[in-house]
Amino acid sequence: MQSRRLRKLRNRLAVAVAVALALGALAGHATAASLNATGAWALAPVGHAPTPPMGWNSWNAFGVNVNEARVMGAARALVADGLAKAGYRYVNIDDGWWLQRRASDGRMIIRTSLFPSAAVGGAGLTSFRPFTDKLHAMGLEAGIYSDLGRNVCSQAWSPDNPNLPVGNRAEREVGLYGHVTQDISLYFKDWGFDYIKVDACGIAHYGANGAGGKQGKFRVFPPLMVDQNTAQSNIPAVRALYARVRDALRAVRPDGRFVLSLCNWGAANVRAWGKDVGTMWRTSTDIQANWSRMLHSFDSVSTREMYSGPGRWNDPDMLEVGNGDFDQHHLLQARSHFSLWAIEDAPLLIGYDLRKAPQSIIDILGAPEVIAVNQDPAGNQGVLEYTSSDYQIIVKTLSRRGEKAVALFNRTDEAAKIELNSAHLKMVADAPITVRDLWARRDLGSFTGSRVFTVRPHEVLMLKVSGKPLLASGYYLSEMTGRINVADDGVLVPEEDPTIHRPLDPYTGSTGSDGTRPVYAGWGDPRADSTPYDDTLRIANVSYRYGIGALANSRLQVQAEGGFTRFSAQVGIDDTTRGRAAPVRFEVYGDGKLLAVSRPMHFNEAAAPLRADVAGVKVVELIARQIGTDQGAVVVTWANAALE
Ligand code: GAL
């Protein structure tokens, strides 16, 4: 009797564990079972964007009222104003170009009244080839727009627009759903596009009660994704749909010459998996040309430094420089917005009608030394070295040793004195640190230790500094995030990131049923020089300025490429841990071989040193392995983690 009950219990347990593992695997989360060092760099580039893509897009300037004259006007201005030379290459058509999907064979038809050069032949034969040829001849590249679902954003949200797709229900289904191979081949092979932005209204807003569904004009699409509601989003399904687009692109462009821009507004936890599926991925809902919305977009990337790197970019949305709060009467704000995008390695996509641009706006968009920060080949996103609700210090490690870009950001309405010190910069305190103002393009002398800067309201002071690095050789891992891949984040259930500035909801105001709480998963993901919950790194009441904070059961890959000889860190359970019961073992692998391991570390136990010889190692893997279960998430710290 006793043993039968025990057996039953054991069987039930085994089933429960199997289900939990399967669920974890489905959601893309680390489970202890999947936590193996692979020895191989797990990120294959999606398309080609070794530095953040730069270009122009029609949406912020024209909304759905896009046409050929407007787009070509922008293209000509890019060339004439020197912006093309400064790096802006992509000219991207957004929502609004379509007429319909041809009934006979599903081929997409362009609205030639908007794009006259697309009328290339008999009835129903249209092609963007003349248009992309023109752009290519100007030394530019061409971008197009589609949607993951059957129907697109403008059909849901701009029902009165006269230029919406026409025809019967099937003919008006202009999105990629069910047509991925056909459309991608048409756009990239026949029409010659180089870049595609893939929106997500079709999988989100065409449920029976969605903005598209309620019209009764479209096939109902039960939502796979619910904006602002991670739990109600089918994360694996959304990811799989984007992965199909990626695979179709790789098939038509085997040389990898394309950009895939994921536009699902930071929902469905894309902030964690975009790197595996797209070249860039939106981290928030739409930016608008006002200060509060800009802060919201900025905050949605500023804690995501571990996810971006060469070929994979966090996208806080397109630029509003030139528009609204960032127009020629607000040049300081425009420079601030541009500086923040630059230091965060955001794609720089101009969203302004360049045909009317005053020189002051061109000068901002073309600022060579600020653009150089964004396009630095190391691809290390800026890291928040100091943050409060009022001021922030963002530091980006540049590829030339000893050089950093620094943004001193005053978020308030009053002038501020912000003190920058050598510790923010990981530089030695008693050697001179030289400073250059990247907007004024002027050297500001040098300091030792620290220096106070006066920063005007809403200003970002954008500096480049050079000094003597604290480490005699190599880097702290938090200085080389462009070489890190978060292979397993250790997150069991995606949680909403509470650090993001909440503006008034632009669609529902203060009265909408959704309230004004923008919520994106990502809370608990690994961070540089911070715990995963945005706290100071601290082990047994000793705080550490530098290091990597993560949850247990995480695996980080570092692309060392044989360039280092030694890994070192002090490891332990962070004082901010939610679970205090389970110990954690810290393991360091080199190309799949175990190089060093800590004893099981417990809460409130002093940090233990961990060192490994990594000479010749291509991929270093750091695994924090939780031993046993815990009621809460276990937070770990790799303090002072460095490769020298
Ligand atoms: C939104 C997207 C915008 C723009 C718009 C077009 O979903 O975030 O950037 O593309 O759709 O309707």
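Computed from a predicted structure; not experimentally measured.

Further remarks concern the pattern of salt bridges. For the structure on display, the rule yields 37 salt bridges. Glutamate 68 serves as the salt-bridge partner of lysine 134, at 3.4 Å between the closest nitrogen and oxygen. Linking lysine 134 in helix α5 (residues 129-137) with glutamate 68 in helix α3 (residues 68-80), this pair joins segments that are 66 residues apart in sequence. Residue glutamate 68 is classed as buried on the basis of its relative accessible area of 7%. With a shortest N-O distance of 3.0 Å, arginine 527 and glutamate 305 are connected by a salt bridge. Here arginine 527 is found in strand β23 (residues 527-528), whereas its partner glutamate 305 is found in the loop between α10 (291-302) and β9 (313-315), with 222 residues between them in sequence.

A word on the site of the ligand. Around the ligand sit Trp59, Asp94, Asp95, Tyr145, Cys153, Lys197, Asp199, Cys263, Trp265, Arg282, Asp286 and Met318, and those are all the residues in its vicinity. Contact distances for the ligand include 2.6 Å between an oxygen atom and a side-chain N or O atom of aspartate 94. At 2.9 Å, a side-chain N or O of aspartate 199 approaches an oxygen atom of the ligand. Protein contact buries 94% of the 310 Å² of open area that the ligand shows by itself. A class-by-class count of the residues in the shell around the ligand yields six nonpolar, no polar and six charged.

Here the focus is the pairing of strand β28 (residues 566-573). In terms of burial, β28 is a largely internal element, six of the eight residues being buried. In terms of strand pairing, β28 meets strand β33 (residues 635-643) through six bridges, oriented antiparallel. Each bridged residue has a counterpart across the sheet, and for valine 571 the counterpart in β33 is tryptophan 638.

A few words now on the packing of aromatic side chains. For the structure on display, the rule yields 23 aromatic pairs. Between tryptophan 98 and tyrosine 145, the aromatic rings sit 5.9 Å apart at their centres with planes inclined by 55°, giving tilted as the arrangement. Of the two residues, tryptophan 98 is situated in strand β3 (residues 98-101) and tyrosine 145 in strand β5 (residues 141-147); the sequence distance between them amounts to 47 residues. Here tryptophan 98 matches tyrosine 145 in class, with each residue buried. Within the aromatic cluster, the residues linked to one another by ring pairs are Trp97, Trp98, Phe115, Phe128, Phe131, Tyr145, Tyr187, Trp191 and Phe193. The ring of tyrosine 307 is capped by arginine 304, whose NZ or CZ atom sits 4.4 Å from the centre of that ring.

About the criteria used
- Along each chain, residue indices are assigned from 1 in the same order as the chain's sequence is written.
- The predicted origin of the model limits local features to residues at a pLDDT of at least 70 and limits the giving and counting of side-chain atom pairs to 80 or more, whereas totals for whole chains, interfaces and linings rest on all residues.
- The basis for the side-chain values is all heavy atoms of the structure; hydrogens and waters are excluded.
- Any Lys or Arg side-chain nitrogen found within 4 Å of a carboxyl oxygen on Asp or Glu counts as a salt bridge.
- Note on conventions: DSSP H or I runs of at least 4 residues are helices, E runs of at least 2 residues are strands, and numbering of each starts at the N terminus.
- Under the scheme applied here, a residue whose accessible area is under 20% of the maximum for its type counts as buried, over 50% as exposed, and between as partly exposed, the area being computed with a 1.4 Å probe on protein chains only.
- Proximity is defined per residue: any heavy atom of the residue falling within 4 Å of a molecule or strand makes that residue near it.
- N or O atoms within 3.5 Å of each other form a polar contact, as long as, within protein, one can give a hydrogen and the other can take it, and as long as residues adjacent in sequence are counted only when both atoms are side-chain atoms.
- All accessible-area figures derive from a Shrake-Rupley calculation using a 1.4 Å probe, and residue coverage is judged against the displayed protein chains alone.
- Classification convention: Asp, Glu, Lys, Arg as charged; Ala, Val, Leu, Ile, Met, Phe, Trp, Tyr, Cys, Pro as nonpolar; all other residues, Gly among them, as polar.
- The criterion for strand pairing is that DSSP finds at least two bridges linking the strands in question.
- Here a pair means two rings of Phe, Tyr or Trp (six-membered ring of Trp) with centres within 6.5 Å. Their orientation is stacked below 30 degrees between planes, edge-to-face above 60, and tilted elsewhere.
- We call a charge positioned over a ring when the NZ of a Lys or the CZ of an Arg lies within 6 Å of the ring centre and within 35 degrees of the ring normal.

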